[in-house]
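# Structural features, examined
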Amino acid sequence: MKLEHEVVQDLYPLYAENDLSPSVKTAIDEHLMECGTCKTFYDSGEKTIQFTDMDEPLVSKSLDDKIILKMKLYRLRLISVVLAGILFSIIFTDYINEREQLFMATDGYYDTLGQMDMVIEAVKNKEPTGFESYEMDRFFEYNNALRENMNFVEDYSMNSTEFSLILNAPRLNETLAGMKTRFNQGRWSETDEEAFQALKKYIHSHRQDFREDFEKTHHGYSSYFHILDVKELDQFYEKVNLLTYSFTRFHKMPDEIKAYNETELKKRIANTLEIEKDKIELQKESPVNDLYVYRFEIGNGNGGDIDAITGQITHYNGDTGPLTDGTVMKKEKAEAKARSYLEGIYGKEIKLELVPLGLNYNSFSDDPRYKVYSFKAIPKVDGYTVYTPLETETFLNINARNGKLESFDHNRHIPSFGKLDQVDLSAAPDNIGDKQAVVIYSALTGNFELVFMLPEMDYFEEGKFISAKTGLEEKVYLDDF
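Here is a short report on the structure shown in this document.

What counts and what doesn't
Residues numbered from 1 in each chain as written. Predicted model: local features only at pLDDT ≥ 70, side-chain atom pairs only at ≥ 80, totals over all residues. Heavy atoms only, no water. Helix = DSSP H or I, 4+ residues; strand = E, 2+ residues; numbered from the N terminus. Rg over C-alpha atoms; globule rule 2.2 N^0.38 Å. Buried < 20%, exposed > 50% of the residue type's maximum accessible area, 1.4 Å probe, protein only. Areas by Shrake-Rupley, 256 points an atom, 1.4 Å probe, with all protein chains shown as cover. Pairing = 2+ DSSP bridges. Patch = residues over 30% accessible without salt bridge, like charges linked within 9 Å, V, L, I, M, F, W, Y side chains within 5 Å. Salt bridge = Lys/Arg side-chain N within 4 Å of Asp/Glu carboxyl O. Lys, Arg positive; Asp, Glu negative; His and termini not counted. Charge placed at Lys NZ, Arg CZ, Asp CG, Glu CD. Contact = heavy atoms within 4.5 Å. Axes fitted to C-alpha atoms, helices over the stretch in contact; angles between N-to-C directions. Parallel < 35°, antiparallel > 145°, perpendicular 65-115°, else oblique. Left-handed = near helix turned anticlockwise from the far one by under 90°. Nonpolar A, V, L, I, M, F, W, Y, C, P; charged D, E, K, R; others polar. Phe/Tyr/Trp six-rings, centres within 6.5 Å; stacked < 30°, edge-to-face > 60°. Expected span 1.5 Å × (residues − 1). Core = buried A, V, L, I, M, F, W, Y, C linked by side-chain atoms within 4.5 Å.

This part takes up the overall build of the protein chain. Scanning the protein chain for helices and strands turns up 12 helices and 14 strands. The C-alpha atoms of the protein chain give 39 Å as radius of gyration, which overshoots the globular expectation for 481 residues (23 Å, by more than 25%). If one aligns the C-alpha atoms of the protein chain with their principal axes, the spans along those axes are about 130 × 70 × 40 Å. By residue count, 42% of the 481 residues in the protein chain fall in the buried class. A total of about 26,200 Å² of accessible surface is found on the protein chain, and carbon and sulfur atoms cover 50% of it.

Put into structure tokens, the structure is as follows:
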């Protein structure tokens, strides 16, 4: 490669820094061996002669392109370094700010854990102190702040936990409210005391476990690199959620309720819906949303939900076959089919009044061939109606041509229709003044209770339900958690 004298001089800085490609460096070395003037320049760094009048060999244009490209690459590297530094600074600043928010959350969370002892103890104070709801709100506020300000490592750990550090706040509040009502009414039982002591123990133990996280997030610069023990935290939420679920729903401790295994659940589904057990696929729902609930699939997107504690199907949507112009069965035959399905779900001993709602009740289709008989199932106890709030009922639809069950929805405010025969019906007139005698599923006892109800009052108002047996206030169970 032949180089011009001026090109050799211009390349001197790159030559001196050893930043030339091997081929260009070799070309310069060859030129210096032949040209004393350029060699003198390279030795002294001073230009001593003009080369405008000298004959010079041609040089390839690609060399200029290579030099320009190399300079551009230098600029790009510099820009990249600067941008990387800016990006790192932004990320690091955000991380620091996020950790500082987490530190504030641990402050408040640790403090409210110390106050929760008094919140639990307030259950046995007949006079309200007013601070309980305030401290509970603070507790849930700081719980949310912890979850929102975790780093990616903590988030990953939290997503792999069962309860994701989520506490069912309404259910915990309902548990404490139910305990307080029972204590004030003099109905305190061994179960109440056991659940009361368990809550206190969970809170105390959790505060001791969390103390290490609290201290390590207040330990100077090392705090920014401390990772919360998320799995240990989640164990607390698991214990409290299981306790409040069993207490509010059944007035029992968690170890007193037993769940059906998957084999048993599949068998119950198969027998009820008259399908093969091998076609059923079960998937346990997230306990954050539904404790002890399984989603089942039977193909083509059809299926429903089954409660693993009661063993009862609570929701179902099925495929009853293609639409046809066949003969619509008589209402009596459809009613017999409906009763057969209800007996499969609840058992033959459950007394249900079946109310026909006509064809296509609350069901819509543009196809005139679509025909279903709709029914409402109302449980009865020796003539007393089982009352549920919010106008919720148990509904089912039967294909009017082939009698297959198309859909079913169990009343969500009644865990099970079992134990209806255990209601104490002594001294229970149908009406006393403006009050009506009905049966409710009680949030205070976890059983069916005969009560006198004031129909004009809202279901959550005090005095709405009065026990026919004790004359004490009752509360209807709500599954709105």
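Quick look at the pairing of strand 12 (residues 448–453) now. Regular strands place their side chains on alternate faces of the sheet. Among the 6 residues that make up strand 12, 6 are buried, leaving the element largely enclosed by the rest of the structure. Every second residue of strand 12 is oriented toward a common face, with Phe448, Leu450 and Phe452 on one face and Glu449, Val451 and Met453 on the other, all of them buried. Sheet topology places strand 11 (residues 435–441) next to strand 12; 6 bridges connect them, and they run antiparallel. Paired with isoleucine 440 across the bridge in strand 12 is glutamate 449.

Before going further, it helps to spend a moment on a negative patch on the surface. Together, Glu190, Glu194, Asp255 and Glu256 line one region of the surface with negative charge. Inspection of the secondary structure assignment puts glutamate 194 in helix 9 (residues 190–216). Taking the relative accessible area as the measure of exposure, glutamate 194 reaches 42% and is therefore partly exposed.

This paragraph deals with the side chain of histidine 31. Positionally, histidine 31 belongs in helix 3 (residues 22–34). On the basis of relative accessible area, histidine 31 is assigned to the buried category, the value being 11%. Excluding its chain neighbours within four sequence positions, the residues that come into contact with histidine 31 are Leu3, His5, Val8 and Cys38.

A contiguous nonpolar patch, built from Leu69, Leu73, Leu76, Leu78, Ile79, Val82, Leu83, Ile86 and Ile90 and spanning about 840 Å² of accessible area, is present on the exposed surface. Residue placement: leucine 73 occurs in helix 5 (residues 61–121).

Running from N to C, helix 9 and helix 10 (residues 230–250) point in directions that differ by 170°, and their axes come no closer than 10 Å. Comparing the axis directions of helix 9 and helix 10 gives the class roughly antiparallel. Considering the relative orientation of helix 9 and helix 10, their crossing is left-handed. Along the contact surface, helix 9 presents Thr191, Asp192, Ala195, Ala198, Leu199, Tyr202, Ile203, His206, Asp209 and Phe210, while helix 10 presents Glu232, Leu233, Phe236, Lys239, Val240, Leu243 and Phe247. In terms of residue class, the contact of helix 9 with helix 10 is built from 11 nonpolar, 2 polar and 4 charged.

Here we take up the pattern of salt bridges. This structure, assessed with the given rule, holds 17 salt bridges. Where arginine 295 meets aspartate 305, a salt bridge forms, and the shortest distance between an N and an O atom there is 3.9 Å. With a gap of 10 residues between them, arginine 295 in strand 2 (residues 293–299) and aspartate 305 in strand 3 (residues 302–307) connect regions that are remote in the sequence. We classify arginine 295 as partly exposed; its relative accessible area is 23%. Of the charged contacts, one joins lysine 469 and aspartate 424 as a salt bridge, the two residues approaching to 3.7 Å between their closest N and O atoms. Taken as a pair, lysine 469 in the loop between strand 13 (465–467) and strand 14 (473–474) and aspartate 424 in the loop between strand 9 (405–409) and strand 10 (431–432) lie far apart in primary sequence, 45 residues in all. For lysine 469, a relative accessible area of 61% gives the class exposed.

Let us now look at the packing of aromatic side chains. Per the counting criterion, the structure on display carries 18 aromatic pairs. Pairing phenylalanine 139 with phenylalanine 140 gives two aromatic rings, centres 5.6 Å apart and planes at 65°, and the pair type is edge-to-face. Plain terms: the ring middles of phenylalanine 296 and tyrosine 316 are 6.3 Å apart, the flat faces sit at 15° to each other, and that makes the pair stacked. With a gap of 20 residues between them, phenylalanine 296 in strand 2 and tyrosine 316 in strand 4 (residues 313–317) connect regions that are remote in the sequence. Accessibility expressed as a relative area gives 0% for phenylalanine 296, which makes it buried. One aromatic cluster is present, built from ring pairs that chain together Tyr109, Phe139, Phe140 and Phe210.

Here we take up unusual backbone geometry. Residues other than glycine seldom take positive phi values, yet glutamate 274 does so here, at roughly 60°. Glutamate 274 sits in the exposed class, given a relative accessible area of 61%. The backbone of asparagine 360 shows a phi angle near 55°, a positive value even though the residue is not glycine. In this fold, asparagine 360 is placed in the loop between strand 5 (352–359) and strand 6 (372–381).

Moving on: helix 12 (residues 331–346). Between its first and last C-alpha atoms helix 12 spans 22 Å; for 16 residues at 1.5 Å apiece the expected length is 22 Å, and the two agree. The inward-facing, buried residues of helix 12 abut helix 11 (262–273), strand 4, strand 5, strand 6, strand 8 (394–399) and strand 9. At the C-terminal side of helix 12, glycine 347 shows a positive phi close to 100°.

Now for the environment of leucine 354. With respect to the helices and strands, leucine 354 occurs in strand 5. Placed 24 residues apart in sequence, leucine 354 and isoleucine 378 show a C-alpha to C-alpha distance of 6.4 Å. Those residues in contact with leucine 354 that lie beyond four places of it in its chain are Glu335, Ala338, Arg339, Leu342, Phe375, Lys376, Ala377 and Leu396.

Let us now look at the nonpolar core. Soluble globular proteins tend to pack their nonpolar side chains together in the buried interior. Phe296, Leu396 and Phe408 are the most contacted members of the largest nonpolar core, which has 92 residues in total. Sorting elements by how many residues they give to this core places helix 10 first, with 10 residues. If sequence neighbours within four positions are ignored, leucine 396 has contacts with Ala338, Leu342, Leu354, Tyr373, Ser374, Phe375, Leu405, Ser407 and Phe408. Leu11, Leu20, Leu32 and Cys35 belong to the second largest nonpolar core, which has 14 residues in total.

Turning to the environment of leucine 242, a few remarks are in order. Looking at the element boundaries, leucine 242 is found in helix 10. Along the chain, leucine 242 and methionine 253 lie 11 residues apart, while their C-alpha atoms are 8.6 Å from each other. Sequence-distant contacts of leucine 242, that is, excluding residues within four places in its chain, are made with Pro254, Leu291 and Tyr292.

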